[in-house]
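Residue-level structure breakdown
The primary structure of each chain is shown beneath.
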Amino acid sequence: MKDMERRIIFATGNEGKMKEIRLILKDLGLEILSMKEAGIQADIQEDGSTFQENAVIKAKAVMELSGAVVLADDSGLEVDYLNKEPGIYSARYLGEDTSYRIKNKSLIDRLEGVPNEKRTARFVCVIAAALPDGRVLTTRGTVEGIIGYEERGEGGFGYDPIFYLPEYGCSTAELSMEMKNKLSHRGKALRAMKELLREALGAAKEERNP
Ligand code: IMP
């Protein structure tokens, strides 16, 4: 394995995500750096029209700047009754700086009078890996739930307090961090990516040292 392939850069500035990512990918035995730790600064335009396009745009842009294996994610909440809004605009819904109290209240209000069976929603996460040899790998993870009638729970972040898991009888803001990682869209996509990377980087190593 070339030195560049011993390091993976995760294209995020979010420390919470880095913690989760390091935990899930730790048995790959690679060094996992944030953009800051890798000394990379980039303001990347996420102008794709799907989670997949946005994740690939970010991963490729940082791979081109660094020459390293780069992972990036894009995630959000799809509410079926609202034609899958806020979707790729989840972070930007009602404005990037608007509090989630307000964003969550807005979604609850827009579903006023809508019965449980039509309140279906999912969190989606796509992870993209851009390899220096030009290969691009992607994985997708989802978690299905319904939009609740009020905010519940103090854990998690973003839309977690209104995302209700009927089979667990709680919102994702009421789960332990461990349980959320196990069930979450990001956890699922990351674990699938770990297997793809094991194969892709392992195969690259074998080609050089048959
Ligand atoms: P990004 O993937 O960092 O661009 O952000 C996606 C946005 O989707 C976040 O800012 C949240 O609004 C929302 N989101 C993604 N994953 C979760 C989650 O696990 N819980 C709550 N909100 C989430």
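Heads up: these notes are all about the structure in this document. The structure displayed is predicted, hence computed values, not measured ones. (Residues numbered from 1 in each chain as written. Predicted model: local features only at pLDDT ≥ 70, side-chain atom pairs only at ≥ 80, totals over all residues. Heavy atoms only, no water.)

Let's talk about the overall build of the protein chain
The helix and strand inventory of the protein chain stands at 5 helices and 8 strands. Relative to the 2.2 N^0.38 estimate, which gives 17 Å for 210 residues, the radius of gyration of the protein chain is 18 Å and therefore close to what a compact globule would have. Within the protein chain, the proportion of its 210 residues that are buried is 48%. Pairs at least 24 residues apart make up 61% of the contacts formed inside the protein chain by residues separated by at least 6 positions. (Helix = DSSP H or I, 4+ residues; strand = E, 2+ residues; numbered from the N terminus. Rg over C-alpha atoms; globule rule 2.2 N^0.38 Å. Buried < 20%, exposed > 50% of the residue type's maximum accessible area, 1.4 Å probe, protein only. Contact = heavy atoms within 4.5 Å.)

A short note on the pattern of salt bridges
For the coordinates displayed, the defined rule picks out 18 salt bridges. Asp 133 is paired through a salt bridge with Arg 135; the nearest N and O atoms lie 2.9 Å apart. Under the relative-accessibility criterion, Asp 133 is labelled exposed at 52%. Linked through salt bridges whose partners overlap, the residues forming this network are Lys 17, Glu 20, Asp 73 and Arg 186. (Salt bridge = Lys/Arg side-chain N within 4 Å of Asp/Glu carboxyl O.)

Things to note about the site of the ligand
Neighbouring the ligand are 15 residues, the closest being Lys 17, Ser 75, Tyr 100, Asp 160 and Lys 180. Only strand 3 (69-79) and helix 5 (185-208) provide two or more residues apiece to the shell around the ligand. The residue inventory of the shell around the ligand, partitioned by class, reads 5 nonpolar, 5 polar and 5 charged. (Near = heavy atom within 4 Å. Nonpolar A, V, L, I, M, F, W, Y, C, P; charged D, E, K, R; others polar.)

Quick notes on the environment of Ala 129
Structurally, Ala 129 can be placed in strand 5 (residues 120-130). With 118 residues separating them in the primary sequence, Ala 129 and Ala 11 have C-alpha atoms 10.0 Å apart. When near neighbours in sequence (up to four residues on either side) are disregarded, Ala 129 contacts Ala 59, Val 70, Leu 71, Arg 135, Val 136, Leu 137, Met 193 and Leu 197.

Overview of the packing of aromatic side chains
This structure, assessed with the given rule, holds 2 aromatic pairs. Ring geometry for Phe 123 against Phe 163: centres 4.3 Å apart, planes inclined by 40°, an arrangement best described as tilted. Placement of Phe 123 in strand 5 and of Phe 163 in strand 7 (residues 163-165) is noted, with a sequence separation of 40 residues between them. Its relative accessible area of 0% is what places Phe 163 among the buried residues. In this structure, Lys 103 packs its charged tip against the face of Tyr 100, placed 4.8 Å from the ring centre. Arg 119 extends its terminal NZ or CZ atom over the ring of Tyr 149, reaching a point 3.9 Å from the ring centre. (Phe/Tyr/Trp six-rings, centres within 6.5 Å; stacked < 30°, edge-to-face > 60°. Lys NZ or Arg CZ within 6 Å of the ring centre and 35° of its normal.)

Considerations on helix 1 (residues 15-25)
The complete set of buried residues in helix 1 reads Lys 17, Met 18, Glu 20, Ile 21, Ile 24 and Leu 25. In an axial view of helix 1, the angular spread of the buried residues amounts to 165°, which keeps them on one side of the axis. Residues Glu 15, Lys 19 and Leu 23 are exposed on helix 1 and point more than 90 degrees away from its buried face. Here helix 1 starts with a cap whose side-chain oxygen sits 3.0 Å from the backbone nitrogen of Lys 17, and that cap is Asn 14. (Arc of directions from axis to C-beta. Polar contact = N/O pair within 3.5 Å; in protein donor to acceptor, adjacent residues only side chain to side chain.)

Things to note about the nonpolar core
One finds Leu 25, Leu 71, Ile 127, Leu 131 and Leu 197 to be the most contacted residues of the largest nonpolar core, which totals 22 residues. Counting residues per element, the ones that place at least two in this core are strand 1 (7-10), helix 1, strand 3, strand 5 and helix 5. In terms of residue count, helix 5 provides more of this core than any other element does, 6 residues in total. Ignoring any residue separated from it by four or fewer positions in sequence, one finds Leu 197 in contact with Ile 8, Leu 28, Val 69, Leu 71, Ala 129, Leu 131, Leu 137 and Gly 202. By size, the runner-up hydrophobic cluster in this structure holds 19 residues, among which are Leu 82, Ile 108, Val 114 and Ile 147. (Core = buried A, V, L, I, M, F, W, Y, C linked by side-chain atoms within 4.5 Å.)

A short note on the pairing of strand 5
Within strand 5, 10 of the 11 residues are buried, which leaves the element mostly enclosed by the surrounding structure. Two successive antiparallel strands, strand 5 and strand 6 (residues 136-147), enclose a turn made up of 5 residues, where Gly 134 displays a positive phi of approximately 100°. (Pairing = 2+ DSSP bridges.)

Things to note about helix 3 (residues 100-110)
The set of residues buried in helix 3 consists of Lys 103, Asn 104, Ser 106, Leu 107 and Ile 108. Next to the buried residues of helix 3 lie strand 3 and strand 4 (85-86).

No statement about biological role is implied by the geometric values presented.
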